[in-house]
Amino acid sequence: MPKFFYDSDADLSAIRNKKVAFVGYGNQGCAQALNLRDSGFDNIVVGNIDDEYKPRAIADGFRTVSISEAVSEAEVIFLLIPDEDQQQVWKDQIRDHLLPNATLVVASGYAVAFDLLELPETLDVVMVAPRMIGAGVRDRYVAKEPYPCFVSVERNPSGKALQTAIDLACAIGATRGRGAVESSCLEEAGIDLFAEQALWPAINTCFLQAFQVLKGAGFSDEAILFDMYLSKEPSEVFERASNVGFFKQLKFHSKTSQFGQLRGTKNSDGTALKAQFEKVLHKDILSGEFAKYWSNSLAGGATELEQLWKDVEQEPIQIAENNLGLQK
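On a predicted model such as this, the values are computed, not experimentally measured, just so you know. (Residues numbered from 1 in each chain as written. Predicted model: local features only at pLDDT ≥ 70, side-chain atom pairs only at ≥ 80, totals over all residues. Heavy atoms only, no water.)

**Regarding the UniProt feature "domain: KARI N-terminal Rossmann" (unreviewed entry) in the protein**
Now for step 1: As annotated in UniProt, the feature "domain: KARI N-terminal Rossmann" (unreviewed entry) corresponds to residues 1–183 in the numbering used here.
Now for step 2: End C-alpha atoms of residues 1–183 are separated by 11 Å, and the span's content is 36% helix alongside 21% strand. (UniProt positions renumbered as here; feature names shortened; annotations may be inferred. Helix = DSSP H or I, 4+ residues; strand = E, 2+ residues; numbered from the N terminus.)

**What to know about the pairing of strand S5 (residues 76–79)**
Now for step 1: Going residue by residue along S5, you find Val76 and Phe78 tucked away on one face and Ile77 and Leu79 tucked away on the opposite face as well.
Now for step 2: Examined bridge by bridge, S5 and strand S6 (residues 103–106) share four bridges and lie parallel to one another. Across the sheet, Phe78 pairs through a bridge with Val105, a residue of S6.
Now for step 3: Considered for its hand, the β-α-β crossover made up of S5, helix H5 (residues 83–94) and S6 is right-handed. (Buried < 20%, exposed > 50% of the residue type's maximum accessible area, 1.4 Å probe, protein only. Pairing = 2+ DSSP bridges. Right-handed = clockwise from strand over helix to strand, strands pointing away.)

**Focus on the packing of aromatic side chains**
Now for step 1: Counted under the stated rule, the structure contains seven aromatic pairs.
Now for step 2: Consider the rings of Phe207 and Tyr229, whose centres lie 5.8 Å apart with planes at 65 degrees: the pair is edge-to-face. On the criterion of sequence distance, the pair formed by Phe207 in helix H9 (residues 185–216) and Tyr229 in helix H10 (residues 221–230) is long-range, its members being 22 residues apart.
Now for step 3: Exposure remark for Tyr229: the relative accessible area of 21% places this residue in the partly exposed category.
Now for step 4: Above the face of the Tyr141 ring, Arg176 is positioned so that its terminal group lies 5.0 Å from the ring centre. (Phe/Tyr/Trp six-rings, centres within 6.5 Å; stacked < 30°, edge-to-face > 60°. Lys NZ or Arg CZ within 6 Å of the ring centre and 35° of its normal.)

**Notes on the pattern of salt bridges**
Now for step 1: Considering all chains together, one arrives at twelve salt bridges under this definition.
Now for step 2: Across the salt bridge formed by Glu188 and Arg131, the nearest N and O atoms sit 3.3 Å from each other. Placement of Glu188 in helix H9 and of Arg131 in the loop between strand S7 (124–130) and helix H7 (134–142) is noted, with a sequence separation of 57 residues between them.
Now for step 3: Through salt bridges that share partners, Lys19, Arg63, Glu69 and Glu73 make up one connected network. (Salt bridge = Lys/Arg side-chain N within 4 Å of Asp/Glu carboxyl O.)

**Quick word on a nonpolar patch on the surface**
Now for step 1: On the surface, a cluster of nonpolar side chains totalling about 630 Å² of accessible area is made up of Leu199, Trp200, Phe238, Phe246, Phe247 and Leu262.
Now for step 2: Tracing the chain through its elements places Phe246 in the loop between helix H11 (233–244) and helix H12 (255–267). (Patch = residues over 30% accessible without salt bridge, like charges linked within 9 Å, V, L, I, M, F, W, Y side chains within 5 Å. Areas by Shrake-Rupley, 256 points an atom, 1.4 Å probe, with all protein chains shown as cover.)

**With respect to the packing of helix H2 (residues 27–38) against H7**
Helix packing for two helices is described by the angle between their axes and how far apart those axes are.
Now for step 1: Relative orientation of the contacting elements H2 and H7 amounts to 20 degrees, with a least axis distance of 7 Å. Here H7 runs roughly parallel to H2, going by the angle between their axes. Classified by chirality, the crossing of H7 by H2 is left-handed. Taking contact as the criterion, the partners of Asn27, Gln28, Ala31, Gln32, Leu34, Asn35 and Asp38 in H2 are, on H7, Gly134, Val137, Arg138 and Tyr141. (Axes fitted to C-alpha atoms, helices over the stretch in contact; angles between N-to-C directions. Parallel < 35°, antiparallel > 145°, perpendicular 65-115°, else oblique. Left-handed = near helix turned anticlockwise from the far one by under 90°. Contact = heavy atoms within 4.5 Å.)

**Digging into the nonpolar core**
Now for step 1: Leu79, Trp90, Ile94 and Leu104 are the most contacted members of the largest nonpolar core, which has 40 residues in total.
Now for step 2: Looking at this core, the element that brings in the most residues is H9, giving five residues.
Now for step 3: Those residues in contact with Trp90 that sit more than four places away from it in its chain are Leu79, Arg95, Leu98, Leu104, Leu117, Glu118, Leu119, Pro120 and Leu123.
Now for step 4: The next biggest cluster of nonpolar side chains, apart from the first, holds 38 residues, and it includes Val20, Leu80, Ala169 and Ala174. (Core = buried A, V, L, I, M, F, W, Y, C linked by side-chain atoms within 4.5 Å.)

**Concerning the sheet that holds strand S4 (residues 63–65)**
Now for step 1: With respect to topology, nine strands assemble into an open sheet ordered S1-S9-S8-S7-S6-S5-S2-S3-S4, the strand pairing being mixed. Of all the strands in the sheet, the pair left with one neighbour each is strand S1 (4–5) and S4.
Now for step 2: The pairing of S6 with S7 spans four bridges and is parallel. Counterpart to Leu104 in the pairing with S7 is Val125.

**Some details on H10**
Now for step 1: Listing the buried residues of H10 in full gives Asp221, Ile224, Leu225 and Met228. Buried positions in H10, seen along its axis, are confined to an arc of 90 degrees and lie on one side of it.
Now for step 2: Those residues of H10 that are buried are in contact with H9, H11 and helix H16 (316–323). (Arc of directions from axis to C-beta.)

**Notes on the side chain of Thr103**
Now for step 1: Here Thr103 shows up in strand S6.
Now for step 2: Every residue in contact with Thr103, bar those within four places of it in the chain, is listed here: Glu75, Val76, Ile77, Leu123, Asp124, Val126 and Thr164.

**Observations concerning the environment of Ile319**
Now for step 1: Here Ile319 lies in helix H16.
Now for step 2: Under the relative-accessibility criterion, Ile319 is labelled partly exposed at 36%.
Now for step 3: In sequence terms Ile319 and Pro120 are 199 residues apart; their C-alpha atoms lie 50 Å from each other.
Now for step 4: Once you skip the residues sitting within four places of it in the chain, Ile319 turns out to touch Glu313 and Gln314.

Have a look at this one:
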C-alpha cells in the first residue's frame, strides 16, 4: 500500500531558512511560490525569461532574475516550466550553475523519469506534484482545504530528501486532509502520458465517430453538440465521479440512463481497446520511445504538431463547432 504524509510529518523550522528558487512563474510556479511565502519562506527568488509571467512575479513582490542567476543562489530549486522546455533549459541555463548539495523539486515526473536531465551526483531530486491546476493549488491553500498530491524521492545523496519533500509539500498545503501520497516520477509521468496518449485519444475518437453517426441519421449539428458536451453535462458527471466514484455517480441519473449505460458497457467488447492500451503503455511510453520521439520532434521545430492541428480542423465536429461560433 502507498504511504501517505500529513502535516504532522512535516517540520518547517529548518527548511524555512533555505534559499528557494522558482524556475518559471506560470500557473504552478505562481501558486506554489505564493503558498511557500505564506508558509513563512522569506528567501524566495524567481528565475524567469522575459515573458508575460515575469511582470506578474515582480508585481507579486518576488525578486526576479535570470534562470541561471536564480539557480546559482538556491539551495532548493523548483523546476516548474513546461515538460517540453525542461531538457534544453536545464542544459543551457541550470546544469552548470547549481550549488553543491542542492535539492531539485519537480512537479512533473517526465524529464526525470525518462533521463532527459543530466543530474549531478550530489543533487537530491524529489517530486512534489499537486494533482490540480495552479489556480486550485492557490485557492485551496488560502481556503485551508486539502487537495491531492504525489510525493517521491528520486535521488537521495544527502539522506534527507524524503523529509525535504514532505516539508515542501506541507508548505504548499498538500499534506492536509487525506495527505500527500508516496509515488514516483515514473508512475506520475506514466499515468499522465497514458491518459494523454491512450485514454483521451480513445474518448476523442468516440466523440468524432458519434458525431458522424448521429449527423448521418439526420440530427442537427446543434442538437448533437449540445447533447454530447456543450451543455457541460460531462463535466458534471466527472465532478460527481470524483466525489462518489466512477460508476456510483450513475445513481444521480435516471433509471433509463443507468440501465442503458450499464447494459451497454457490459455488452461492449473491450479486447481490442485493451490491446491498444497495452501497446501504448509498454511499447511507446515505458520504453522511453515517446520521450525520444518528442524530443527529436521539438528539436526539429515541432512541425508534426502543427500538421496535427491542421488535420483536426478538418474534422466534421470541429467544422460544426466553428459554424456555431465557439471561441477559437
